Amino acid sequence: ARTWEGGDEPCRIIDVIGDRVESWRPHWTDLYTMQPPGRFDRTLYPDTRHITEPTQPLAPSYLSDGGRFRTTNLVHSIFAAPDSMQPQQTDMMKQQAKREFRVERMRNRQMEMQERRFAAEAAAREFDEQR
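Quick summary incoming for the structure in this document.

## Things to note about the pattern of salt bridges
Then, number 1: Here the structure, examined in full by the defined rule, presents 3 salt bridges.
Then, number 2: Linking Arg12 and Asp15 is a salt bridge whose minimum nitrogen-to-oxygen distance equals 2.9 Å.
Then, number 3: By relative accessible area, Asp15 is classed as buried at 9%.
Then, number 4: Glu22 is the partner of Arg25 in a salt bridge, and the nearest nitrogen-oxygen pair spans 3.9 Å.
Then, number 5: Judged by relative accessible area, which is 41%, Arg25 ranks as partly exposed.
Then, number 6: Among the residues examined, Glu22 registers a relative accessible area of 36% and is labelled partly exposed.

Shown next as structure tokens:
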């Protein structure tokens, strides 16, 4: 490698890069000392622990300790609040909300009709009195 005048540091960028990668680049002698690749050596196995072990709070499937260690007795107790993590409970809560909305809408509609009837009767009485 070329060096500066009087120094032992490389003077070209390619020399600096070469010195950095020289340690992990395979050499000719490695062909005789290394074992040939085995059955599983050519396949990359990515680290999936963030999916199977969601221990980091920012992981998409993270569960807190309280959510992770719930017991069946605690979840299905008659005194327990509905658990929104269970799909059946979520569906039941949605159906209940729809039912309540429909009942409230019918109640409001009946009140409006009653107010209209009272207003119409009052207007008819007033008209009859003016006659």
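And the narrative resumes.
## Brief notes about the environment of Leu58
Then, number 1: Topologically, Leu58 is positioned in the loop between α3 (49-52) and α4 (65-68).
Then, number 2: Its relative accessible area of 84% is what places Leu58 among the exposed residues.
Then, number 3: The spacing of Leu58 and Val21 is 37 residues in sequence and 35 Å in space, taken between C-alpha atoms.

Scoring rules and cut-offs
- Residues numbered from 1 in each chain as written.
- Predicted model: local features only at pLDDT ≥ 70, side-chain atom pairs only at ≥ 80, totals over all residues.
- Heavy atoms only, no water.
- Salt bridge = Lys/Arg side-chain N within 4 Å of Asp/Glu carboxyl O.
- Buried < 20%, exposed > 50% of the residue type's maximum accessible area, 1.4 Å probe, protein only.
- Helix = DSSP H or I, 4+ residues; strand = E, 2+ residues; numbered from the N terminus.

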